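Coordinate inspection notes
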Amino acid sequence: MFVLAELKDNVRIAPELFGLKLPEAIKDEINRKLANKVLLNVGLCIALKDIVKLGDSIILPGDGASHTEVNFRYIVFRPIIGDVITGKIRSCSREGVHITLGFFDDILIPPSALQHPSRYEEAEQAWVWEYPLEDGNTHDLYMDIGENIKFRVSGEVFEESSPIGPPDQEVPSSSAGPSSSGAGSSNASAQDVNKTPYRIVAAINESGLGLLSWWVQQSQEEDDEEAEDEEEAEGQEQEQDLSGGENE
């Protein structure tokens, strides 16, 4: 789930930080720059592990800061396809079940990857697994918000999001042409804002996955049945021992 990524960067240290030791100043600057950021095709950056190599520090003309080429290793959140992870249900929609890990929220279980058959309850805002019973009926198992859920990572999606400039200035309503183009650009910028740089696609359509409460209840029932079978076997053995003693 967490991996070490080997990265390289040119780190700028401002003059007011020259009082710190160079490695400490570089560590603070790297964490400030990368922590909780998504790097394309790398993952979600968590924290600096260590510095592998420090290059020479130089000061460029017109800039009082120092610039140092640094090779370092960073702890990154990027689960491997097939990993099984436990999270919590953040919300449900027709798109599927949205999962959170506390520090990462962009996890989606699409309807096709839910336990089959499942349906979406609009009033409850929840997905429901129609669990089949032995008598041919079904029992509704709700996927409620806040429930612990175990899922398997089935895919990942990276999207490159470009920087967004300042908002467009309002144009007079009398000029229809520029106003319409301004609306188009604002819609485009809104789409850029809604882009998710990194999201995970998950699945629970196999035995043992889904809400933890489902399988805890089932295991408890199986344990109860085993305990009953053991008690019956012990009772039969005692009866046999008693009958054998009476015969003697």
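Notes on the structure in this doc start here.

Cut-offs applied
Residues numbered from 1 in each chain as written. Predicted model: local features only at pLDDT ≥ 70, side-chain atom pairs only at ≥ 80, totals over all residues. Heavy atoms only, no water. Pairing = 2+ DSSP bridges. Helix = DSSP H or I, 4+ residues; strand = E, 2+ residues; numbered from the N terminus. Axes fitted to C-alpha atoms, helices over the stretch in contact; angles between N-to-C directions. Phe/Tyr/Trp six-rings, centres within 6.5 Å; stacked < 30°, edge-to-face > 60°. Buried < 20%, exposed > 50% of the residue type's maximum accessible area, 1.4 Å probe, protein only. Contact = heavy atoms within 4.5 Å. Patch = residues over 30% accessible without salt bridge, like charges linked within 9 Å, V, L, I, M, F, W, Y side chains within 5 Å. Areas by Shrake-Rupley, 256 points an atom, 1.4 Å probe, with all protein chains shown as cover. Salt bridge = Lys/Arg side-chain N within 4 Å of Asp/Glu carboxyl O.

In this section: the sheet that holds strand S10 (residues 138–143). Strands sit in the order S8-S9-S10 across an open sheet of 3 strands; the sheet is antiparallel. Looking at the sheet topology across the chains shown, the edges are occupied by strand S8 (118–121) and S10. Here the strands of the sheet are splayed against their neighbours by 30° on average, with no regard to which way each runs. Relative to S10, strand S9 (residues 126–132) runs antiparallel, the two sharing 6 bridges. Of the residues in S10, the one forming a bridge with Pro132 is Thr138.

Before going further, it helps to examine the packing of aromatic side chains. Any pair of aromatic rings gets described here by the distance separating the centres and the angle formed by the planes. Summed over the entire model, instances satisfying the criterion amount to 10 aromatic pairs. Look at Phe72 and Tyr74: their rings are 6.3 Å apart centre to centre, the planes differ by 75°, and that puts the pair in the edge-to-face class. Taken as a pair, Phe72 and Tyr74 share a single burial class, namely buried. Between Tyr120 and Trp127, the ring centres sit 5.4 Å apart and the planes meet at 50°, which makes this aromatic pair tilted. Exposure remark for Tyr120: the relative accessible area of 12% places this residue in the buried category.

Strand pairing in a sheet is mediated by backbone hydrogen bonds. Such pairs are either parallel or antiparallel. A sheet is described by the order of its strands in space; here 4 strands give the open sequence S1-S4-S3-S2, paired in antiparallel fashion. Looking at strand neighbours, the two that pair on one side only are strand S1 (2–13) and strand S2 (38–39), the edges of this open sheet. When S1 meets strand S4 (residues 66–77), the two strands line up antiparallel, connected through 12 bridges. What sits directly across from Leu4, in S4, is Ile75. Contacting S1, S2, strand S3 (43–59) and S4, helix H1 (residues 22–34) runs over the sheet at an angle of about 135° to S3.

Residues His116 and Pro117 are joined by a peptide bond in cis, for which omega reads 0°. Tracing the backbone shows Pro117 in the loop between strand S7 (107–109) and S8. With a phi close to 65°, Asn36 is a non-glycine residue in the positive phi region. By the secondary structure assignment, Asn36 is in the loop between H1 and S2. Among the residues examined, Asn36 registers a relative accessible area of 59% and is labelled exposed. In this model, Asn41 sits at a positive phi of 60°, which is unusual for a non-glycine residue. Relative to the elements of secondary structure, Asn41 occurs in the loop between S2 and S3. Residue classification places Asn41 among the exposed positions, given a relative accessible area of 51%.

What follows covers the pairing of S3. Bridging between S2 and S3 involves 2 bridges; their strand directions are antiparallel. Residue pairing across strands places Val38 opposite Leu44, the latter belonging to S3. Counted along the chain from S2 to the antiparallel partner S3, the turn is 3 residues long, and its residue Asn41 has a positive phi close to 60°. Pairing analysis gives 11 bridges linking S3 to S4, with the strands arranged antiparallel. Its bridge partner being in S4, Ile58 is matched across the sheet by His67.

Before going further, it helps to spend a moment on a nonpolar patch on the surface. A cluster of nonpolar side chains, namely Met1, Phe2, Ile46 and Phe103, defines an oily patch on the protein surface of about 330 Å² accessible area. Among the secondary structure elements, Phe103 is positioned in the loop between strand S6 (96–100) and S7.

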